[in-house]
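Residues per chain are reported as follows:
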Amino acid sequence: MADRFKTGEKAPENGTYEFDGLVNEGNENNVTEDEKHIELSSGDTFPPTRSNKDAAYSKKSS
């Protein structure tokens, strides 16, 4: 699935989503491994990264 979702958008379906880059091209090295995969339910809002509160892109894990 090629769809990317941005912080603030709603998850289209239940599942695991993985980190796919920062919106403002900040330092991605500061994003911890444990926050690179998040569980969301349909309708949940994509959150910012916990480590630095930056807006991020996510994609559905396969």
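For the structure given in this document, a descriptive report is provided here. Note that the structure is a prediction, hence the values are computed from the model and not measured.

Conventions we followed
- Residues numbered from 1 in each chain as written.
- Predicted model: local features only at pLDDT ≥ 70, side-chain atom pairs only at ≥ 80, totals over all residues.
- Heavy atoms only, no water.
- Buried < 20%, exposed > 50% of the residue type's maximum accessible area, 1.4 Å probe, protein only.
- Helix = DSSP H or I, 4+ residues; strand = E, 2+ residues; numbered from the N terminus.
- Pairing = 2+ DSSP bridges.
- Axes fitted to C-alpha atoms, helices over the stretch in contact; angles between N-to-C directions.
- Contact = heavy atoms within 4.5 Å.

On strand β4 (residues 56-60), burial follows the alternation: Ala56, Ser58 and Lys60 on one face are buried, whereas Tyr57 and Lys59 on the facing-out side are not. In this sheet, β4 lies alongside strand β1 (residues 4-6) in antiparallel orientation, the contact comprising three bridges. Paired with Lys6 across the two strands is Tyr57, which belongs to β4. Here strand β2 (residues 15-22) runs beside β4; their pairing, made up of four bridges, is antiparallel. Bridge pairing in β4 places Leu22 opposite Ala56.

With respect to topology, four strands assemble into an open sheet ordered β1-β4-β2-β3, the strand pairing being antiparallel. In this open sheet, the two strands that pair with only one neighbour each are β1 and β3 (37-40). When the angles between neighbouring strand axes are averaged without regard to direction, this sheet yields 40 degrees.

Residue placement: Ser58 occurs in strand β4. By relative accessible area, which is 8% here, Ser58 ends up buried. Apart from the residues within four sequence positions on either side, Ser58 is in contact with Asp3, Arg4, Phe5, Tyr17, Glu18, Asp20, Ile38 and Phe46.

Let's shift gears to the environment of Leu40. Considering the arrangement of structural elements, one finds Leu40 in strand β3. Given a relative accessible area of 11%, Leu40 falls into the buried group. Residues Leu40 and Asn14, 26 residues apart in the sequence, show an inter-C-alpha distance of 5.6 Å. Leave out the neighbours within four places in its chain, and Leu40 touches Ala11, Glu13, Asn14, Gly15, Tyr17, Thr45 and Phe46.

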